Each structure stands twice: as structure tokens, then as C-alpha cells.
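The chain contents come next:
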Amino acid sequence: VARDPVRSRVVVGADGRKTGYIKLSEFSAEVKPRMREALAELQAAGASRLVLDLRGNGGGVLDGAIGIAGLFADHPLVLYVTDANGGRQPL
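Residues numbered from 1 in each chain as written. Predicted model: local features only at pLDDT ≥ 70, side-chain atom pairs only at ≥ 80, totals over all residues. Heavy atoms only, no water.

Regarding the sheet that holds strand E2 (residues 18-24)
Pairing in this open sheet of three strands is mixed, and the strands run E1-E2-E3 from one edge to the other. Only two strands of the sheet have a single partner each, and these edge strands are strand E1 (6-12) and strand E3 (49-53). Neighbour-to-neighbour, the strand axes of this sheet turn through a mean angle of 20°, independent of strand direction. In this structure, E2 lies alongside E3, joined through five bridges in parallel fashion. Along E3, the bridge assignment pairs Ile-22 with Leu-52. (Pairing = 2+ DSSP bridges. Helix = DSSP H or I, 4+ residues; strand = E, 2+ residues; numbered from the N terminus. Axes fitted to C-alpha atoms, helices over the stretch in contact; angles between N-to-C directions.)

See below:
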């Protein structure tokens with residue numbers, strides 16, 4: 001049985017404001033579309049704030065992590081890998 005790496009819910013604070021809570025357990029190829037879906041569901045439920053919980057996240061696929069970060073960026077992310085000679089290559 002495959003476990004969903006994205007779990008989400010809405011938490012209502014004492015002030016009545018709704019906060020979306022997402023627990024992300026790994027970065028994989030399937031995570032970005034699932035995260036996009038969870039964000040839409042939380043917004044539709046009235047969440048105006050978000051907590052992204054990465055505690056216990058064991059890591060995973062770099063493209064998955066970049067994809068998730070890109071969901072929160074106004075501009076495309078540019079990531080560089082630097083080799084042992086100091087040369088930089090964009091990913």
C-alpha cells in the first residue's frame with residue numbers, strides 16, 4: 001500500500017482564522033501535483049495562511065524539491081551545481 005507523502009488539513013485558530021497545514025514526508029516525482037492539489041483544497045476551505053511541515057522529511061528527488069519550492073516562488077527558480085574546479089552548471 002503506497003502512503004501519500006502529502007497530508008493536509010485546515011486548523012482554525014482561537015481568532016477564527018483558518019490555517020492550512022501540510023505535512024510533507026518526502027520529495028518525489030509525484031509530490032508536486034499532489035502538493036498543488038492540497039494547496040487548492042486548503043484555499044477552497046478558506047485557509048488564508050499556511051504551515052509547511054518538513055519535520056521527518058527524509059529528502060528524495062532533487063527535482064521534486066525544486067518543484068515544491070517553485071510553487072511558492074514568484075519567478076522560476078535557478079539552481080546551480082558547482083563542480084570541484086569551481087565551474088557552475090544550471091539545473
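So, next bit.
Notes on the packing of aromatic side chains
Under the definition given, this model contains zero aromatic pairs. Between Arg-9 and the ring centre of Tyr-21, over which it is positioned, the NZ or CZ distance is 4.9 Å. Across the ring face of Tyr-80, the terminal group of Arg-88 is positioned such that the distance to the ring centre comes to 3.9 Å. (Phe/Tyr/Trp six-rings, centres within 6.5 Å; stacked < 30°, edge-to-face > 60°. Lys NZ or Arg CZ within 6 Å of the ring centre and 35° of its normal.)

Digging into helix H1 (residues 31-44)
For H1, with 14 residues, the first-to-last C-alpha span of 20 Å sits near the 20 Å given by 1.5 Å per residue. Buried within H1 we find Val-31, Arg-34, Met-35, Ala-38 and Leu-42. Taken down its axis, H1 places every buried residue within 100° of arc, on the same side. Opposite the buried face of H1, at more than 90 degrees from it, the exposed residues are Gln-43 and Ala-44. Buried positions along H1 lie against E1, E2, E3 and helix H2 (62-70). (Expected span 1.5 Å × (residues − 1). Buried < 20%, exposed > 50% of the residue type's maximum accessible area, 1.4 Å probe, protein only. Arc of directions from axis to C-beta. Contact = heavy atoms within 4.5 Å.)

Any link to function would need more than the numbers given here.
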